[in-house]
Amino acid sequence: MKTEKFSLRAHEYLGSSEGKKLFNEKHFAESAPRYDLATRLLSLGQDRGWKRKLVASLPDVLEPVCVDVACGTGDVTFFLAERFGKGEFIGVDLTREMIDLANERNRSSGVRFYCGEMSRLPMDDGSVDILTGSYAIRNAPNLAEALAEFRRVLKPGGVLALLDFSKPKLAFFQGVQFQLLRFWGGLWGLVLHGNPEVHGYISKSLRSFPDAERLESTFADCGFEVIEARKHFGGMMMQYLLGG
């Protein structure tokens, strides 16, 4: 049972891979009990709709093996099972607290959840048809390593579907975005957890995240091509469908 109060400051940890991993473990353990509520409030109620659109963008596959990384409490994992019916639907998350909540929600024998890192997935090479991640790659301790791992487990012809914040290219608009997210995330961190750092960290996580143009270049460098890119929330969020 968690007794230690969350006290980490994001800027002290997000500058290195190991620091980011440690921050993510502590942060998401703290935020897990109210994570679903927080994502609804932060997105003005649009979060589940975006996730459904992500799953709807996927190609039809007969009885697919689907892996949802940074699965949280299981929203996208369950949407995948709902969309495809038969198949294997596996959610992976770094924090035990998230996995415990996902298992409490699970009513399907075809859905399983594991605690693990997105850069070290417990799957064989070329064994996965569909891999998804919502708010995942921005939190990857090392983006290139995570994308290489996704590439490793995907079958030839498999697809990767991602939903995350999008960072504008121009410094002025980056500054506006950072300040907006710092206020909005900090507000709900304070209201829900008594600590603005819990969700205010989102703005800090974007500082080292590539802008949209560089992100697509990183996808290409890691062997992926953009099949579809769709904006949400005035371009603050992006939905990607990628193929190998």
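Provided above is the structure to which this section pertains.
1. A few points about the nonpolar core
Here is step 1: Ranked by internal contacts, the top residues of the largest apolar core, which has 70 residues, are Leu-58, Leu-80, Leu-131, Phe-150, Leu-160, Phe-219 and Phe-224.
Here is step 2: Counting residues per element, this core draws most heavily on strand β5 (residues 154–165), which supplies seven residues.
Here is step 3: Beyond its immediate stretch of four places on either side in the chain, Phe-219 contacts Ile-137, Leu-147, Leu-162, Phe-224, Val-226, Tyr-240 and Leu-242.

2. Some details on the layout of surface pockets
Here is step 1: Each pocket or cavity is described by its volume, and for the largest pocket that value is around 760 Å³.
Here is step 2: At the level of secondary structure, the elements contributing two or more residues to the lining of the largest pocket comprise α1 (17–31), α2 (35–42), β2 (88–93), α7 (171–193) and α8 (197–207).
Here is step 3: In terms of residue count, the dominant contributor to the lining of the largest pocket is α1 (six residues).
Here is step 4: In the lining of the largest pocket, the residues fall into 21 nonpolar, 13 polar and seven charged.

3. With respect to the sheet that holds strand β1 (residues 65–69)
Here is step 1: Read from one edge to the other, the open sheet built from seven strands follows the order β3-β2-β1-β4-β5-β7-β6, with strand pairing classed as mixed. Each having just a single partner strand, β3 (111–115) and β6 (225–232) make up the two edges of the open sheet. Adjacent strand axes in the sheet meet at a mean angle of 15 degrees, parallel and antiparallel pairs treated alike.
Here is step 2: Sheet topology note: the β1/β2 ladder contains five bridges and is parallel.

4. What to know about empty space enclosed by the protein
Here is step 1: Counted according to the given criterion, the structure contains two cavities of 30 Å³ or more.
Here is step 2: By volume, the largest cavity is sized at about 80 Å³.
Here is step 3: Tyr-35, Lys-51, Asp-68, Ala-70, Cys-71, Gly-72, Thr-73, Gly-74, Asp-75, Val-76, Ser-134 and Tyr-135 are the residues that line the largest cavity.
Here is step 4: Within the lining of the largest cavity, the residues separate by chemical class into five nonpolar, four polar and three charged.
Here is step 5: Contributing to the lining of the second largest cavity are Ile-137, Leu-162, Leu-163, Asp-164, Phe-165, Phe-209, Leu-215, Met-238 and Tyr-240.
Here is step 6: Elements with a contribution of two residues or more to the lining of the second largest cavity: β5 and β7 (237–243).
Here is step 7: Here the element with the most residues in the lining of the second largest cavity is β5; it accounts for four residues.
Here is step 8: When its residues are assigned to classes, the lining of the second largest cavity shows eight nonpolar, no polar and one charged.

5. Let's talk about the packing of aromatic side chains
Here is step 1: In this structure the tally under the stated criterion is nine aromatic pairs.
Here is step 2: Look at Phe-23 and Tyr-201: their rings are 5.6 Å apart centre to centre, the planes differ by 45 degrees, and that puts the pair in the tilted class. Pair noted here: Phe-23 is in helix α1 and Tyr-201 is in helix α8, with a separation of 178 residues, a long-range link. The same class applies to Phe-23 as to Tyr-201, namely buried.
Here is step 3: Between Phe-28 and Tyr-35 the ring centres are 6.2 Å apart and the planes differ by 70 degrees, which places this aromatic pair in the edge-to-face class.
Here is step 4: By relative accessible area, which is 14% here, Phe-28 ends up buried.
Here is step 5: Taking relative accessible area as the criterion, Tyr-35 reaches 12% and is therefore assigned buried.
Here is step 6: Just above the ring of Phe-224 sits the side chain of Arg-151; from NZ or CZ to the centre is 5.9 Å.

6. Brief notes about the side chain of Asn-106
Here is step 1: With respect to the secondary-structure elements, Asn-106 resides in the loop between α5 (96–105) and β3.
Here is step 2: On the accessibility criterion, Asn-106 (16% relative accessible area) is buried.
Here is step 3: A polar atom in the side chain of Asn-106 sits 3.0 Å from the backbone nitrogen of Ser-108.
Here is step 4: Here Asn-106 is in contact with Phe-78, Val-111 and Phe-113, once residues within four sequence places are set aside.

About the cut-offs
- Residues numbered from 1 in each chain as written.
- Predicted model: local features only at pLDDT ≥ 70, side-chain atom pairs only at ≥ 80, totals over all residues.
- Heavy atoms only, no water.
- Core = buried A, V, L, I, M, F, W, Y, C linked by side-chain atoms within 4.5 Å.
- Buried < 20%, exposed > 50% of the residue type's maximum accessible area, 1.4 Å probe, protein only.
- Helix = DSSP H or I, 4+ residues; strand = E, 2+ residues; numbered from the N terminus.
- Contact = heavy atoms within 4.5 Å.
- 1 Å grid on protein atoms, 1.4 Å probe; cavity = no way out; pocket = protein on both sides within 12 Å on 5 of 7 lines; lining within 4 Å.
- Points joined across faces, edges and corners; volume = space filled by probe spheres on them.
- Nonpolar A, V, L, I, M, F, W, Y, C, P; charged D, E, K, R; others polar.
- Pairing = 2+ DSSP bridges.
- Axes fitted to C-alpha atoms, helices over the stretch in contact; angles between N-to-C directions.
- Phe/Tyr/Trp six-rings, centres within 6.5 Å; stacked < 30°, edge-to-face > 60°.
- Lys NZ or Arg CZ within 6 Å of the ring centre and 35° of its normal.
- Polar contact = N/O pair within 3.5 Å; in protein donor to acceptor, adjacent residues only side chain to side chain.

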